[in-house]
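Descriptive analysis of the structure
Here's the letter readout for the chains.
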Amino acid sequence: MSSSVTATTDNRPDTGAGLLLPVPDEDGAPFWDHAARGELRIQACADCDELRFPPRPCCPHCQSFAAHWRRMSGRGRIWSYVLPHPPLLPAYAAQPGYNAVIVELAEAPRIRLVGNLVTAADAPLNSVDPARLRIGAPVKVTFHTMPGGVTVPRWLLERP
């Protein structure tokens, strides 16, 4: 998802075992803490108010180290997507036809988040028919807690 998130897998023998999981670092931890509460928040500079993602200690616009986390509406549009073939890891092979989307946030078009388009927060990654994927399709965020305990943003079509 970003350079501040390291990929790992959860190899526990329950649903979702082997899927990639984020490993929060110091700069990105608040993003994941807010996600666990069902909030989509993006880091903003406390001095110039510019949003920045991925989270980092210094504002790339004014070089300030002061930051706060701004709540977003959770709405956006599909900016790009891919249907991985072959799947990246064996756990993903169990969900053929899954997608990975890049979502451009409605109120911050320069901020783009990676996730999956699903029919419900806890639905399988392949729950959306690939024929329904369209660049520009309006989406809204939902949150799913992975087996390892981290909560990740997922995306729902605004008009199912």
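The structure reproduced in this document is the subject of the present report. (Residues numbered from 1 in each chain as written. Predicted model: local features only at pLDDT ≥ 70, side-chain atom pairs only at ≥ 80, totals over all residues. Heavy atoms only, no water.)

1. Some points on the overall build of the chain
- Counting its secondary structure elements, the chain contains two helices and 10 strands.
- Counting from the amino terminus, helix and strand elements in the chain follow one another as β-β-α-β-β-β-β-α-β-β-β-β.
- Within the chain, buried positions represent 43% of all 160 residues.
- A separation of at least 24 residues holds for 51% of the contacts in the chain among residues at least 6 apart in sequence.
- Approximately 8,200 Å² of the chain is accessible, and the part contributed by carbon and sulfur atoms is 54%. (Helix = DSSP H or I, 4+ residues; strand = E, 2+ residues; numbered from the N terminus. Buried < 20%, exposed > 50% of the residue type's maximum accessible area, 1.4 Å probe, protein only. Contact = heavy atoms within 4.5 Å. Areas by Shrake-Rupley, 256 points an atom, 1.4 Å probe, with all protein chains shown as cover.)

2. A closer look at the packing of aromatic side chains
- This model, assessed by the stated rule, comprises three aromatic pairs.
- With 4.8 Å between their ring centres and 85° between their planes, phenylalanine 31 and tryptophan 32 make a pair best called edge-to-face. For the pair phenylalanine 31 and tryptophan 32, a shared accessibility class is recorded, and that class is buried.
- Ring pairs connect the aromatic residues Phe31, Trp32 and Phe53, which therefore count as one cluster. (Phe/Tyr/Trp six-rings, centres within 6.5 Å; stacked < 30°, edge-to-face > 60°.)

3. With respect to the sheet that holds strand E8 (residues 108-115)
- Strand order across the open sheet formed by five strands is E8-E7-E6-E9-E10, with antiparallel pairing between neighbours. Edge positions in the open sheet fall to E8 and strand E10 (151-157), since each of these has one partner strand only. Shown here is a sheet whose adjacent strand axes are inclined to one another by a mean of 45°, direction ignored.
- Pairing geometry for strand E6 (residues 75-82) and strand E7 (residues 100-105), over six bridges, is antiparallel. (Pairing = 2+ DSSP bridges. Axes fitted to C-alpha atoms, helices over the stretch in contact; angles between N-to-C directions.)

4. Examining helix H1 (residues 29-36)
- Those residues of H1 that sit buried are Phe31, Trp32, His34 and Ala35. Buried residues of H1, seen end-on, are gathered within an arc of 160° and therefore sit on one face of the element.
- Those residues of H1 that are buried are in contact with strand E2 (20-23), strand E3 (41-45), strand E5 (67-71), strand E9 (138-145) and E10.
- Immediately beyond the C-terminal end of H1, within one or two residues, lies glycine 38, with a positive phi of roughly 80°. (Arc of directions from axis to C-beta.)

5. A closer look at the nonpolar core
- Among the nonpolar cores identified, the biggest contains 38 residues, and Leu40, Ile42, Leu105, Ile111, Leu113, Leu117 and Trp155 are the most heavily contacted of them.
- When residues of this core are traced back to their parent elements, those giving at least two are H1, E3, helix H2 (90-93), E7, E8, E9 and E10.
- For this core, the leading source of residues is E10, giving four residues. (Core = buried A, V, L, I, M, F, W, Y, C linked by side-chain atoms within 4.5 Å.)

6. Points about the environment of glycine 28
- Looking at where glycine 28 falls in the secondary structure, it is placed in the loop between E2 and H1.
- By relative accessible area, glycine 28 is classed as buried at 3%.

7. Considering the sheet that holds E5
- If you walk across this open sheet you meet the three strands as E4-E3-E5, and the pairing is antiparallel. Strands at the two margins of the open sheet, each flanked by one partner only, are strand E4 (51-52) and E5.
- Bridge count between E3 and E4: two bridges; the pairing is antiparallel. Its bridge partner lying in E4, alanine 44 is registered against leucine 51.

Geometric values such as these leave the question of function open.
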